[in-house]
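Coordinate analysis (summary)
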Amino acid sequence: MNGRRLWAIVIKELRQLRRDRITLAMVIGIPVLQLVLFGYAINTNLRGLHAGIADQSHTAGSRALVMDMLATGVVSPVATVNTPQQLMTMLRRGEISVGIVVPADFERRRIDGRPVAQVLVDGSDTAVQAAAAQLAQTPVDSAVPDTRAPPTSTPPSGRISVVGFYNPQRRSAINIVPGLIGVILTMTMVLFTGIAIVRERERGNMELLIATPLSSAELMVGKVLPYIVIGLVQTTVILALGVWLFAVPIRGSVLDVYLATGLLILASLALGLLISTRAQSQFQAMQMTFFIFLPSILLSGFMFPFAGMPKAAQWIAEVLPLTHFLRLIRGVMLRGASLWELWGDVLTLLAFIAVMMAVAILRFRKRLD
Amino acid sequence: MSADDGIAIRARGLTRRFGELVAVDHVDLDVPARHVYGFLGPNGSGKSTTIRMLCGLLTPSAGEIEVLGLRIPAEAEALRRHIGYMTQRFSLFEDLTVRENLEFLAAVQGVPKARSRSRIDELIDQYRFTDRKNQLAGTMSGGQKQRLALAGAVIHEPELLFLDEPTSAVDPESRRDFWEKLFELADTGTTLLVSTHLMDEAERCHRLAILDRGALVADGSPRELTGALQGRTLVVDAVDPRRAQSVIVDLPGVLSVAQVGSSLRVLTTEPVAAATAATDIRHRIEEALAAAGQHAQTTATPANLEDVFVAVTRNPMKQEAYAA
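Residues numbered from 1 in each chain as written. Chains lettered and ligands numbered in written order. Predicted model: local features only at pLDDT ≥ 70, side-chain atom pairs only at ≥ 80, totals over all residues.

1. Re the overall build of chain B
Within chain B one finds 12 helices and 14 strands. Projected onto the principal axes, the alpha-carbon positions of chain B cover approximately 75 × 45 × 40 Å. Buried residues in chain B amount to 46% of all 324 residues. Long-range contacts, defined here as pairs at least 24 residues apart, represent 70% of the contacts in chain B between residues at least 6 apart. (Helix = DSSP H or I, 4+ residues; strand = E, 2+ residues; numbered from the N terminus. Buried ≥ 20, exposed ≤ 12 C-beta atoms within 10 Å, placed from the backbone. Contact = placed C-beta atoms within 7 Å.)

2. A short note on the overall build of chain A
Per the secondary structure count, chain A includes 14 helices and four strands. In chain A, which comprises 369 residues, the proportion classed as buried is 39%. Looking at chain A alone, contacts between residues at least 24 apart form 76% of all its contacts between residues at least 6 apart.

3. Some thoughts on the interface of chain B and chain A
Taken together, the contact between chain B and chain A spans 22 residues of the former and 19 residues of the latter. Broken down by element, the side of chain B that touches chain A gets its largest block of residues, four residues, from helix α3 (residues 98–108) of chain B. Class assignment of the residues belonging to the side of chain B that touches chain A gives a composition of 11 nonpolar, five polar and six charged. (Nonpolar A, V, L, I, M, F, W, Y, C, P; charged D, E, K, R; others polar.)

4. Digging into the packing of helix α10 (residues 254–278) of chain A against helix α13 (residues 321–334) of chain A
Residue and element names in this part refer to chain A. Closest axis-to-axis distance for the α10/α13 pair is 9 Å, and the angle between their directions is 170°. On the basis of their axis angle, the class for α10 and α13 is roughly antiparallel. Listed contacts from α13 to D256, V257, A260, L263, L264, A267 and S268 of α10 are P321, F325, L328, I329, V332 and M333. Of the residues assigned to the contact of α10 with α13, the class counts are 11 nonpolar, one polar and one charged. (Axes fitted to C-alpha atoms, helices over the stretch in contact; angles between N-to-C directions. Parallel < 35°, antiparallel > 145°, perpendicular 65-115°, else oblique.)

5. Describing the sheet that holds strand β3 (residues 36–40) of chain B
Residues and elements named next belong to chain B. The sheet built from six strands is open, its strands ordered β6-β7-β8-β3-β9-β10 with mixed pairing. The open sheet has two edge strands with one neighbour each: β6 (83–86) and β10 (215–220). When strand polarity is set aside, the average angle formed by the axes of neighbouring strands in this sheet is 15°. Sheet topology note: the strand β9 (residues 207–212)/β10 ladder contains five bridges and is antiparallel. Across the sheet, residue I210 finds its bridge partner in β10, namely A218. Sheet strands touched by helix α5 (residues 142–153): β6 and β7 (160–164). Its angle to β6, the strand with the most contacts, is close to 160°. (Pairing = 2+ DSSP bridges.)

6. Quick notes on the nonpolar core
Grouped together as the largest cluster of nonpolar side chains are 159 residues, with contacts concentrated most on A267 and A270 of chain A together with L54, F162 and L193 of chain B. Broken down by element, this core gets its largest block of residues, 16 residues, from helix α7 (residues 173–203) of chain A. In this structure, this core is formed jointly by two domains, domain 1 (33–55 + 78–225) and domain 2 (230–302) of chain B, each of which donates at least three residues. Those residues in contact with L54 of chain B that lie beyond four places of it in its chain are I9, A11, I65, V67, I72 and F162 of chain B. Residues I53, L65, M69 and L87 of chain A belong to the second largest nonpolar core, which totals 23 residues. (Core = buried A, V, L, I, M, F, W, Y, C linked by C-beta atoms within 7 Å. Domains from an automatic or database assignment.)

7. Digging into the confidence of the model for chain B
Detailed reading of the predicted coordinates is not advisable wherever pLDDT is low. Residues and elements named next belong to chain B. For chain B, the average pLDDT comes to 87, and 93% of its residues sit at 70 or higher. Mean pLDDT per element in chain B: helix α12 (residues 319–323) is the minimum at 36, and α3 is the maximum at 96. Contacts of residues 315–324 to residues separated by more than four positions or lying in other chains number 15 contacts, the stretch itself having pLDDT below 50. Confidence estimates for the predicted assembly give a pTM of 0.77 and an ipTM of 0.81. (pLDDT = per-residue confidence, 0-100.)

8. Things to note about the environment of M333 of chain A
Residues and elements named next belong to chain A. Relative to the elements of secondary structure, M333 occurs in helix α13. Judged by C-beta crowding, with 25 C-beta atoms within 10 Å, M333 ranks as buried. Separated by 283 residues in the primary sequence, M333 and H50 place their C-alpha atoms 36 Å from one another. The contacts of M333, once residues within four sequence positions are left out, are P178, P249, I250, R251, G252 and V257.

In structure tokens, the structure reads:
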């Protein structure tokens, strides 16, 4: 590999990038946008669900129970009605997501251990369902939540249990931001290099390049190098915003965070190059990028817990770089682990990079046929 | 023909198939060094495919190639240092400036670092980009782009230059200018292989090969090629050229009739035996016209490349190509 030719490619890419305003905007815009979207808007802990209340008991105890439920913040009352039927109607119309029914014999039920209240949930949204389940844990036996009672003491009758010991504001940002570094880098890095080679082909530059002494490896590596810098800039933006906006902790070393990120960047760039050697047009490259991106988001453990997925999905997830990166970055940032302790995923990523890069270089022919 | 001191390109039985289509069909080629060698043929005649095989970008389906003493495609990598290739479509970077494009090519083509800057300055001066060196290539005119592409193709002073329809998107003045540059390069010892579908460009070449549907149908110097048609071209001046054309076009012995202005240019299958005597074909043409009530006068005229092209391909090129 000739250093001067390699450098010529790097400089060329940077100069082109400097004039490509849209791509430049994407470098900063995508991380900021995604972070804000995921951090604020996409909050899996729902709050303020519209609720209707039908308290048919009208006792001090029933009012206390309702107040306790409202105090969780999960629901906010929008209507008070007399019958469960009215609640069902409102639920069906979408006016409320949750209905709380306290039957007239509330006090008697409380004494003989039968279910004392009912929470009607709009089950069409699983997130709502999960959130409303919290309500079922409102205490019934005392007006004041008993924070000392462990959840295991809850009778299986499903009467209603203690709420107090839960983190009152389980913030999803802390879980999401480290993963978001991976999601953003997977998306932008694969896309940038995915179109890198195809673009030269579409614009007619490729015929010029392959008629020169430039080697496949020089071209491929030269195309990747500028984007490593871009990736690290993006990482810095996400980390800074994460710490500043969401107070996300970095419990491990910052160096480890960047090393782990560097691995994902390289893996994504190599994958992008491979796509680029295959795709016939920039549009095809984008389609293929999405083909990688979707399973990465859904199966890597970013969206859904890895352990809960079926075996087949887990196997697919194991070949996605994002899966391994998530284990690394969550380990380093949230649990304070060192990369050394997570060597298995580091090795997997290294192997992935080596294989993808080699295949991309081998696949690229300095020929038109 | 000047005496040549070597063959830059030699090809034997060069063939390239794309599926069913035979794009290049058993072409034998000898391009002498230090010449401007032309490839003449209509679009789709296999010019680009042949050039791409000669510089090692396409693998031939069959045949042998030797360029500058190197076996192609086996030694294509070694060849790349010695050739320049100007593609049909502008292939420099439109989002880089004139100077940045040249800097990139200088580095990639291995122009020694110490020489690089002065070579770029030299080219910017020679190719008249002094006041445009910081302009983006994409914002320049067709003629300027071609000039820049040529400057880029010669930055490493290659022995051999391939130019694939270099002037197809350029106005006549820029084309003249461009050809001046090509002859300057030939004078300094560069061999040039230029493909074109324009007759006037073909006429400028030292030697040329005519390609038709993938086959090489004629080659030689323009004078040799036109000389071979000695006596087979006539000009017919008629009052109503279009009617006259319909009268003589189907006569046996007439290969083609094309209207040029108010007269007709006739190519015959056999030479008009003597310049003076009213021989066979000329006589028959005059008779046929007289019978149709057309008063016409026929005169012998020297053949041009258009006639050569028609004679070897029987596939007349467009008038516009001739007029240009």
